[in-house]
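# Structural description and commentary
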There are 2 protein chains.
Amino acid sequence: MMKFTIDITIGLKEGMLDPEARAIRHALSNLGFPTDNLSTARVFQITLDAPDSDAARDRAEEMCARLLANPVIHRYTVEVRS
Amino acid sequence: MMKFTIDITIGLKEGMLDPEARAIRHALSNLGFPTDNLSTARVFQITLDAPDSDAARDRAEEMCARLLANPVIHRYTVEVRS
């Protein structure tokens, strides 16, 4: 078994309304920071034991499917670092 | 002016309690996914106009200082992509 650190980034699918991003963009604009676009995402950085990098990735994707992400509204990326 | 895309990642400082991370780690464990460690962060992906990459970074850091991050509890990283 080896230790792997995995970054799981979960954001909203294209076209989903993101009222929080809209509010932040508005607040930044009021502070004098205009932006063309702003989106938000969550990152879960996880350290776990796995036999190899592919197994670590599979486990992370299963965590997304089972708990972390809602497949109706979320897209996610999994990045395995050794 | 050029367009820059900036990833601002905001997490809790080392040593801050993260009850959400703890709850997620517990839930993953109950589902059969034991982890050594789990931390959470937020990412704001921002697109804006700036004269150059350094100016884009400065603006992003000011956004963190003024609105996005709480310097008492948060650490943040700014990554400028062209």
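Residues numbered from 1 in each chain as written. Chains lettered and ligands numbered in written order. Predicted model: local features only at pLDDT ≥ 70, side-chain atom pairs only at ≥ 80, totals over all residues. Heavy atoms only, no water.

## A word on the overall build of chain A
Of the regular secondary structure elements, chain A holds 2 helices and 3 strands. Order of helices (α) and strands (β) in chain A, N terminus to C terminus: β-α-β-α-β. In summary, chain A has a C-alpha radius of gyration of 16 Å against a globular reference of 12 Å for 82 residues, an excess of more than 25%. Dimensions of chain A, computed from the C-alpha atoms along their principal axes, are close to 50 × 25 × 15 Å. Counting only residues that meet the buried cut, chain A has 37% of its 82 residues in that class. At a minimum sequence separation of 6, the contacts of chain A that also span at least 24 residues come to 74%. Surface summary for chain A: the accessible area is close to 4800 Å², and the carbon and sulfur share equals 50%. (Helix = DSSP H or I, 4+ residues; strand = E, 2+ residues; numbered from the N terminus. Rg over C-alpha atoms; globule rule 2.2 N^0.38 Å. Buried < 20%, exposed > 50% of the residue type's maximum accessible area, 1.4 Å probe, protein only. Contact = heavy atoms within 4.5 Å. Areas by Shrake-Rupley, 256 points an atom, 1.4 Å probe, with all protein chains shown as cover.)

## Overview of the nonpolar core
The tendency in soluble globular proteins is for nonpolar side chains to be buried side by side. Judged by nonpolar contacts, the single largest core of 22 residues is most densely connected at Ile6(A), Ile8(A), Phe44(A), Ile46(A) and Leu68(A). Counting only elements with at least two residues in this core, the list comes to strand E1 (2-12), strand E2 (37-50), helix H2 (53-68) and strand E3 (74-81) of chain A together with helix H1 (19-30) of chain B. Looking at this core element by element, the count peaks at 6 residues for H2(A). Every residue in contact with Ile46(A), bar those within four places of it in the chain, is listed here: Phe4(A), Thr5(A), Ile6(A), Ile8(A), Met63(A), Leu68(A), Leu28(B), Thr35(B), Asn37(B) and Leu38(B). Residues Phe33(A), Ile6(B), Phe44(B) and Cys64(B) belong to the second largest nonpolar core, which totals 21 residues. (Core = buried A, V, L, I, M, F, W, Y, C linked by side-chain atoms within 4.5 Å.)

## Quick notes on the environment of Lys13(A)
All names here are of chain A. Assignment of secondary structure puts Lys13 in the loop between E1 and helix H1 (19-30). A relative accessible area of 34% places Lys13 in the partly exposed class. Residues Lys13 and Arg75, 62 residues apart in the sequence, show an inter-C-alpha distance of 5.3 Å. Apart from residues no more than four positions distant in its own chain, Lys13 is found in contact with Pro71, Val72, Ile73, His74 and Arg75. Within the structure, the side chain of Lys13 is placed 2.7 Å from the backbone oxygen of Pro71, a separation counted as a polar contact. (Polar contact = N/O pair within 3.5 Å; in protein donor to acceptor, adjacent residues only side chain to side chain.)

## Section: the interface of chain B and chain A
The partner chain A presents 29 residues to the 29 residues of chain B that form the contact. Counting the surface lost from both chain B and chain A, the interface buries some 2700 Å², and carbon and sulfur atoms represent 60% of this. In this structure, the connection of chain B to chain A is made through 4 salt bridges. With its nearest N and O atoms 2.7 Å apart, the salt bridge here joins Arg42(B) to Glu20(A). (Buried area = accessible area lost by both parts, 1.4 Å probe. Salt bridge = Lys/Arg side-chain N within 4 Å of Asp/Glu carboxyl O.)

## Details of the pattern of salt bridges
For the coordinates displayed, the defined rule picks out 8 salt bridges over all chains. The closest approach of N and O atoms between Asp36(B) and Lys3(A), which form a salt bridge, is 2.6 Å. Here Lys3(A) lies in strand E1 and Asp36(B) lies in the loop between H1 and strand E2 (37-50), a pairing that spans two chains. Here Asp36(B) falls in the partly exposed class, since its relative accessible area comes to 35%.

## Here's the deal with a negative patch on the surface
Among the surface-exposed residues, Asp52(A), Asp54(A), Asp58(A), Glu61(A) and Glu62(A) lie close enough to one another that they form a single negatively charged patch. When you line up the elements, Asp54(A) lands in helix H2. (Patch = residues over 30% accessible without salt bridge, like charges linked within 9 Å, V, L, I, M, F, W, Y side chains within 5 Å. Lys, Arg positive; Asp, Glu negative; His and termini not counted. Charge placed at Lys NZ, Arg CZ, Asp CG, Glu CD.)

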